[in-house]
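The primary structure of each chain is shown beneath.
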Amino acid sequence: MKKTYYLFNPGHLQRKDNTLKFTPIEEDENGVELREGQPRYLPVETVGDLYVFGSLTANSSLYNFLGKNDIAVHFFDYYENYTGSFMPKDFLLAGRMILAQTAHYQDKLKRMVIAREFIEGAAHNMVKNLQYYNRRGKDMEDLVELMKKHAIQIKETGSVQELMGIEGNIRQVYYEAFNLILNDFQMGGRTKQPPQNEVNALISFGNMMCYSLCLRSIHQTQLNPTISYLHSPGERRYSLALDLAEIFKPIIVDRVIFRVLNKKEIQEKHFDRRLNKCILNPSGKKIFVKAIEDRLLETIEHKSLKRKVSYKQLIKLECYKLAKHVLGMESYKPFKMYW
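For the structure given in this document, a descriptive report is provided here. It should be emphasised that the depicted structure is a prediction, and the values quoted were computed from it without experimental measurement. (Residues numbered from 1 in each chain as written. Predicted model: local features only at pLDDT ≥ 70, side-chain atom pairs only at ≥ 80, totals over all residues. Heavy atoms only, no water.)

1. Section: the sheet that holds strand β6 (residues 47–52)
- An order of β1-β6-β8-β9 is seen for the four strands of this open sheet, with the pairing classed as mixed. Each edge of the open sheet carries a strand with a single partner, namely β1 (3–7) and β9 (82–86). Neighbour to neighbour, the strand axes of the sheet diverge by 15 degrees on average, direction disregarded. (Pairing = 2+ DSSP bridges. Helix = DSSP H or I, 4+ residues; strand = E, 2+ residues; numbered from the N terminus. Axes fitted to C-alpha atoms, helices over the stretch in contact; angles between N-to-C directions.)

Written out as structure tokens, the structure is:
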């Protein structure tokens, strides 16, 4: 089974026979190389994705090797911003799928059907999170009712802009609940570029991880990641991953944030404040990434498949459902938590 590996330290990545050799590098505060650490060898058949959080030195032959072995590399800068991905060749892309996706984007009615479903799924999963904590003594009833009131308007929207406005109203109420759910931290308002406090730092970092997970799952199907329905396709971004991430951010990212903060797995000491930003420090990143990975490996009993499916597999299944929709095989219905 292929695994995801996280490279937190700067270092050199090389091919060594049929393995990947990663040699970590110790640097001073100015980024000057001091010494090499102990190399680590990764059998290539076990590697599915690499997440790179430190500077990485590699050559073109290494990337050729990664591409041939279907290994993706996702890059984040020091401030936790997602900067891009190296993706293997799109060998699954099919002309018929690209034409079908494009036709659904160009037809306003067809595009709205898909866009509404994305927001329906996201709103449902956000409400489910609040109901979960309401059953555990947090008073969420008024906020849940307000979110449901906004969600009723989704089916009546006539444009993507109007739909995004409703989504913004739902999410604003949802984020108000964070202050009630979290014991020792306050979110305040949502701040992004840059995040201004600990909760916002976790949301931004977690959302970018969710985006890259969705991108990788899309790449493993015949869907084209640049043709999207909720977010406008951009020249340089894989906007379909943004669409799918809306459904899974509440399920994967937000639930992990609530857990690691309320269980004190992540504390104030795990954050750095500098240059008007709040970001996770290296030890905090490792804890949070491990918590996300554990969440992805958790399984649920899938209603339709009648078997256990991991959260990571749910993302790929979502891609398959969307592909069937644009090909006219069955109507797309987003994944909604049912527990």
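2. Digging into unusual backbone geometry
- Not every positive phi belongs to a glycine, and aspartate 17 is a case in point at roughly 55 degrees.
- With respect to the element layout, aspartate 17 can be found in the loop between β2 (11–16) and β3 (19–27).
- Residues other than glycine seldom take positive phi values, yet aspartate 70 does so here, at roughly 55 degrees.
- Turning to its location among the elements, aspartate 70 is positioned in the loop between α1 (60–68) and β8 (72–76).
- Among the residues examined, aspartate 70 registers a relative accessible area of 24% and is labelled partly exposed. (Buried < 20%, exposed > 50% of the residue type's maximum accessible area, 1.4 Å probe, protein only.)

3. Here we look at the packing of helix α3 (residues 108–134) against helix α9 (residues 311–326)
- Packing of α3 against α9 leaves a shortest axis separation of 12 Å and a crossing angle of 160 degrees. Judged by the inter-axis angle, α3 sits roughly antiparallel to α9. Where α3 crosses over α9, the handedness of that crossing is right-handed. Residue-level contacts link Val113, Ile114 and Phe118 of α3 to Leu322, His325 and Val326 of α9. (Parallel < 35°, antiparallel > 145°, perpendicular 65-115°, else oblique. Left-handed = near helix turned anticlockwise from the far one by under 90°. Contact = heavy atoms within 4.5 Å.)

4. Describing the pairing of β8
- Of all five residues that make up β8, four are buried, and the element is covered over most of its length.
- Where β6 meets β8, four bridges bridge the pair, whose relative direction is parallel. Paired with tyrosine 51 across the bridge in β8 is histidine 74.
- As defined by bridge partners, β8 adjoins β9 across four bridges and the pair is classed as antiparallel. Along β9, the bridge assignment pairs phenylalanine 75 with glycine 84.
- If you look at the hairpin formed by β8 and β9, you'll find five residues sitting between the two strands, and glutamate 80 has a positive phi there, around 75 degrees.

5. Some details on the nonpolar core
- Grouped together as the largest cluster of nonpolar side chains are 92 residues, with contacts concentrated most on Phe118, Leu130, Phe178, Leu261 and Phe288.
- Setting aside anything within four residues of it in sequence, one finds phenylalanine 118 in contact with Tyr229, Leu230, Asp243, Leu244, Ile247, Leu322 and Tyr332.
- Counting 15 residues, the second largest nonpolar core, distinct from the first, contains Leu20, Leu50, Val52 and Leu62. (Core = buried A, V, L, I, M, F, W, Y, C linked by side-chain atoms within 4.5 Å.)

6. Quick notes on the layout of surface pockets
- Counted as a void, the largest pocket has a volume near 1000 Å³.
- Around the largest pocket, the lining is made up of 34 residues, and of these Lys192, Gln193, Asn207, Met208 and Leu242 lie nearest the centre.
- Looking at the lining of the largest pocket, the elements with two or more residues in it are β9, α5 (160–181), α6 (198–219), α7 (239–262) and β11 (277–280).
- Of the residues assigned to the lining of the largest pocket, the class counts are 13 nonpolar, 11 polar and 10 charged.
- Here the second largest pocket is characterised by a volume of approximately 860 Å³.
- Lining the second largest pocket we find 32 residues, and of these Lys2, Lys3, Thr4, Glu293 and Lys312 sit closest to its centre.
- Only β1, β3, β5 (40–43), β6, α6, α8 (282–297) and α9 provide two or more residues apiece to the lining of the second largest pocket.
- A breakdown of the residues in the lining of the second largest pocket according to their chemical character gives 12 nonpolar, nine polar and 11 charged. (1 Å grid on protein atoms, 1.4 Å probe; cavity = no way out; pocket = protein on both sides within 12 Å on 5 of 7 lines; lining within 4 Å. Points joined across faces, edges and corners; volume = space filled by probe spheres on them. Nonpolar A, V, L, I, M, F, W, Y, C, P; charged D, E, K, R; others polar.)

7. Observations regarding a negative patch on the surface
- On the surface, a cluster of negative charge is contributed by Asp139, Glu141, Asp142 and Glu145.
- Within the secondary structure, aspartate 139 sits in the loop between α3 and α4 (141–151).
- A relative accessible area of 57% means that aspartate 139 is categorised as exposed. (Patch = residues over 30% accessible without salt bridge, like charges linked within 9 Å, V, L, I, M, F, W, Y side chains within 5 Å. Areas by Shrake-Rupley, 256 points an atom, 1.4 Å probe, with all protein chains shown as cover. Salt bridge = Lys/Arg side-chain N within 4 Å of Asp/Glu carboxyl O. Lys, Arg positive; Asp, Glu negative; His and termini not counted. Charge placed at Lys NZ, Arg CZ, Asp CG, Glu CD.)

8. A few points about helix α2 (residues 95–106)
- The end-to-end C-alpha distance of α2, which contains 12 residues, comes to 16 Å, matching closely the 16 Å that a straight helix rising 1.5 Å per residue would cover.
- Within the span of α2, buried status applies to Met97, Ala100, Gln101 and His104. The arc that holds every buried residue of α2, seen down its axis, measures 95 degrees, which confines them to one face. The exposed residues of α2 that point more than 90 degrees off its buried face are Leu99 and Gln106.
- Of the surrounding secondary structure, the elements contacted by the buried residues of α2 are α3, α7 and α9. (Expected span 1.5 Å × (residues − 1). Arc of directions from axis to C-beta.)

9. Examining the pattern of salt bridges
- Applying the stated criterion to the full structure yields 15 salt bridges.
- Glutamate 120 is the salt-bridge partner of lysine 155, the closest N and O atoms lying 3.2 Å from each other. Of this pair, lysine 155 sits in the loop between α4 and α5 while glutamate 120 sits in helix α3, placing them 35 residues apart in sequence.
- Relative accessible area serves as the criterion here: at 62%, lysine 155 is assigned to the exposed category.
- The partner of lysine 249 in a salt bridge is glutamate 246, with the nearest N and O atoms 3.5 Å apart. One end of the pair, lysine 249, and the other, glutamate 246, are both in helix α7, three residues apart, so they sit about a helical turn from each other.
- A residue is classified by how much of its surface remains accessible, and lysine 249, at 12% relative accessible area, is buried.
- Counted as one network, the salt bridges with shared partners bring together Glu167, Arg171, Glu246 and Lys249.

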